[in-house]
Amino acid sequence: MSLHNQSSNKKSTIVIVGGGAGGLSLLNNLSTTIDPDEQRVILIDARPTMIHLASTLRLVVSDADNLLKRSIHPYGDHTFRNKLTGTGIFIHASVKEIDFGKPGDGGILTLDNGGTVAYDVLVLATGSTWPRPIAFPTENMNKITEHVQKIRAEFAAAQDILLVGGGSVGIELSGELRDVFPSKPITIIHREKYLLNATYPDKYRIAVQKQLEGRGITILTGDAISALDASNVAGSQISRDGFITEQGKTLKADLVIPTWGTRPNTTYLPSDLLSSTGHVKILPTFQLPAHPNVFAFGDIMDWNEQKTAANASFFQAPKVAKNIILYLRESEGIAKYNGSFVMIMVTNGKTSGMSYFNILWGIIVGGWISSLMKSKDLMVSRISGMTGYTPV
Ligand SMILES: Cc1cc2nc3c(=O)[nH]c(=O)nc-3n(C[C@H](O)[C@H](O)[C@H](O)COP(=O)(O)OP(=O)(O)OC[C@H]3O[C@@H](n4cnc5c(N)ncnc54)[C@H](O)[C@@H]3O)c2cc1C
């Protein structure tokens, strides 16, 4: 498929790459502010479906709550609402390369299906790459379902599970596993002194650890296994003698799941646009310094804060939407991002969890209140509000 401006009555074309938490929030913001006679919107995503990341760790452990249907929503006409109804275009493809043109001019995207798409304004919101259990295929729903069933079967067959990395993915996955497998040995090994990272106060990190230990999950902090051992995820490849950790402990796991290694999804961009961590360098207006018609936000943006859907959806997307319209109208008043406040909610299965809000003296909320805020439903009931799709 090739989409170029000549075929569109000289409307400005806004292309959004990535229909995740940030991209869909942006689309929904634009759907009320756009002038459909002047602008059109194209959404491109590597997958045919939006996958709600916050519910994926429950999804890959068991069929609880029918999440294969409820957490994964196809893109389609319903994705484009309000003033975008009937005019938005969705393309299922992965962006491989971008010809940015001259600064301020439009450019051209090259897709993995060989097609090209021209843009006047481009927004990059391609998120992160995640560890294997939640690194979902891109082709179609059948492949995604196969992946989910394979991971579920691995967990069910394992006698002793080792999660490598005690960030939020390792923590939440351990809680989901404990819900479904009440007596299976589960260990988290984490290189730092406490779980998570130094963004959060020690007292919160210690409280998370105690809560997990209270459910019989073994936590080894200040320790690690070699990268080679951590990558041997298939049971048959794991030594019967187990692993010796850097601190000399022997672990006998027969399933090793790396839960670390999250990276910004930016390999399609030239390195001069990226920071040393692979994030996209932006101005506080979300514009790329050399390309005022190109915006980047969400997990991929180079900004010193934790990457969350809340930040992308509530604190960034409305400003990106405003700035796009102002840019196209050559108007003043462009909005700048000042960051958001630190907050985190980690689940511990369905009925528990631990949250931290960096407000007042730094508030920690545990147990059932965290469960009501996130763990119980994982915010699944809100997905339709983002995607415009109601699962059948
Ligand atoms: C298990 C888990 C729990 C979480 N819990 C929370 C929580 O409780 N609260 C919270 O605020 N955040 C949470 N997060 C983080 C949150 O999901 C992310 O920060 C958020 O999704 C980032 O939004 P985004 O739009 O930048 O990227 P994403 O939502 O990841 O969307 C990126 C999209 O880009 C597409 N894409 C990638 N590359 C290409 C390409 N080359 N071409 C075309 N399309 C492409 C992808 O298919 C994807 O649909 C959690 C994450 C995980 C994994």
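Counting restarts for each chain: residues are numbered from 1 in the order of the written sequence. In keeping with the model being predicted, local features are shown solely for residues with a pLDDT of at least 70 and side-chain atom pairs are shown and tallied solely at 80 or more, while totals for entire chains, interfaces and linings include all residues. Where side-chain values are given, they derive from all heavy atoms of the structure, hydrogens and water being excluded.

## Observations concerning the overall build of the protein
- Helix and strand definitions here come from DSSP, where helices need a minimum of 4 consecutive H or I residues and strands a minimum of 2 consecutive E residues; each element is numbered from the N-terminal end. The number of helices and strands found in the protein is ten helices and 23 strands.
- Restricting the calculation to C-alpha atoms gives the radius of gyration, and the globule rule supplies 2.2 Å times the number of residues raised to the power 0.38. The C-alpha radius of gyration of the protein comes to 22 Å, within 12% of the 21 Å expected for a compact globule of 392 residues.
- Overall size of the protein, expressed as C-alpha extent along the three principal axes, is 65 × 45 × 40 Å.
- Counting every position in the protein, which comprises 392 residues, the buried fraction comes to 51%.
- Contacts spanning at least 24 positions in sequence make up 66% of the contacts within the protein whose residues lie at least 6 apart.
- Charged side chains in the protein number 37 positive and 34 negative. The centres of these two groups are separated by 5 Å. For every residue, the accessible area obtained with a 1.4 Å probe (protein chains only) is divided by the maximum for its type, and the residue is called buried under 20%, exposed over 50%, and partly exposed between those limits. We call two residues contacting when some pair of their heavy atoms lies within 4.5 Å. In this count, Lys and Arg are taken as positive residues and Asp and Glu as negative ones, while His and the chain termini are left out. Just so you know, the charge point we use is NZ for Lys, CZ for Arg, CG for Asp and CD for Glu.

## Observations regarding the site of the ligand
- One heavy atom within 4 Å of a molecule or strand makes the whole residue count as near it. With respect to spatial proximity, 33 residues lie near the ligand, and among them Gly22, Asp45, Asp299, Ala310 and Lys374 are the closest.
- Contacts described as polar in this section are N or O atom pairs within 3.5 Å, which, within protein, must combine one atom able to donate a hydrogen with one able to accept it, while residues neighboring in sequence count only if both atoms come from side chains. Take Ala21: an N or O atom from its main chain is 3.0 Å from an oxygen atom of the ligand.
- Arg47 has a polar side-chain atom sitting 3.2 Å from an oxygen atom of the ligand.
- Using a 1.4 Å probe, the Shrake-Rupley method yields the accessible areas, and only the shown protein chains count as cover for residues. Protein chains shield 90% of the accessible area of the ligand, which is 1,000 Å² for the free molecule.
- Listed by contribution, the elements that provide at least two residues to the shell around the ligand are helix 1 (21–33) and helix 8 (309–329).

## With respect to the pattern of salt bridges
- Salt bridges are counted wherever a side-chain nitrogen of Lys or Arg sits within 4 Å of a carboxyl oxygen of Asp or Glu. Tallying each qualifying case throughout the model produces eleven salt bridges.
- A salt bridge links Arg58 to Glu176; its shortest N-O distance comes to 2.8 Å. With Arg58 in helix 2 (residues 56–59) and Glu176 in helix 5 (residues 168–180), the pair connects residues that are 118 residues apart, well separated along the chain.
- Each of Arg58, Asp65, Glu176 and Lys350 takes part in salt bridges that share partners, so that together they form one network.

## Here we look at helix 5
- Its 13 residues place the ends of helix 5 19 Å apart at the C-alpha level, agreeing with the 18 Å of an ideal helix rising 1.5 Å per residue.
- Of all 13 residues making up helix 5, ten are buried, and the element is well covered by its neighbours.
- Those residues of helix 5 lying buried are Val169, Gly170, Ile171, Glu172, Leu173, Ser174, Gly175, Glu176, Leu177 and Arg178. Helices are assigned an expected span. That span is 1.5 Å times one less than the residue count.

## Looking at the sheet that holds strand 6 (residues 89–92)
- Two strands qualify as a pair provided DSSP detects at least 2 bridges between them. The six strands are arranged 6-3-2-10-20-19 in an open sheet whose pairing can be described as mixed. The open sheet has two free edges, formed respectively by strand 6 and strand 19 (287–288), since each of these has just one partner strand.
- Sheet topology places strand 2 (residues 12–17) next to strand 3 (residues 39–45); six bridges connect them, and they run parallel. Its bridge partner lying in strand 3, Thr13 is registered against Arg40.
- Only the stretch in contact is used when a helix axis is fitted, and all axes are lines through C-alpha atoms; the angle between N-to-C directions ranges over 0 to 180 degrees. Along the sheet, helix 1 makes contact with strand 2, strand 3 and strand 10 (121–124), crossing strand 2 at roughly 150°.
- Seen against the sheet, helix 8 touches strand 2, strand 3, strand 10, strand 19 and strand 20 (291–296) and runs at an angle of roughly 165° to strand 20.

## Some remarks on the sheet that holds strand 21 (residues 343–347)
- Spatial ordering of the open sheet is given by 21-22-23, a layout of three strands whose pairing is antiparallel. Only two strands of the sheet have a single neighbouring strand rather than two, namely strand 21 and strand 23 (363–366). Going from strand to strand, the sheet's axes swing by 10° on average, the running direction of each strand aside.
- As paired strands, strand 22 (residues 353–357) and strand 23 are joined by four bridges and run antiparallel to one another. Within strand 23, the position partnered with Ser355 by the bridge is Val365.

## With respect to a nonpolar patch on the surface
- On the surface, a cluster of nonpolar side chains totalling about 720 Å² of accessible area is made up of Phe314, Phe315, Phe341, Ile359, Leu360 and Trp361.
- Inspection of the secondary structure puts Ile359 in the loop between strand 22 and strand 23. Only residues whose relative accessible area exceeds 30% and that take part in no salt bridge are eligible for patches, with like-charged residues grouped when within 9 Å of each other and nonpolar side chains (Val, Leu, Ile, Met, Phe, Trp, Tyr) grouped when within 5 Å.

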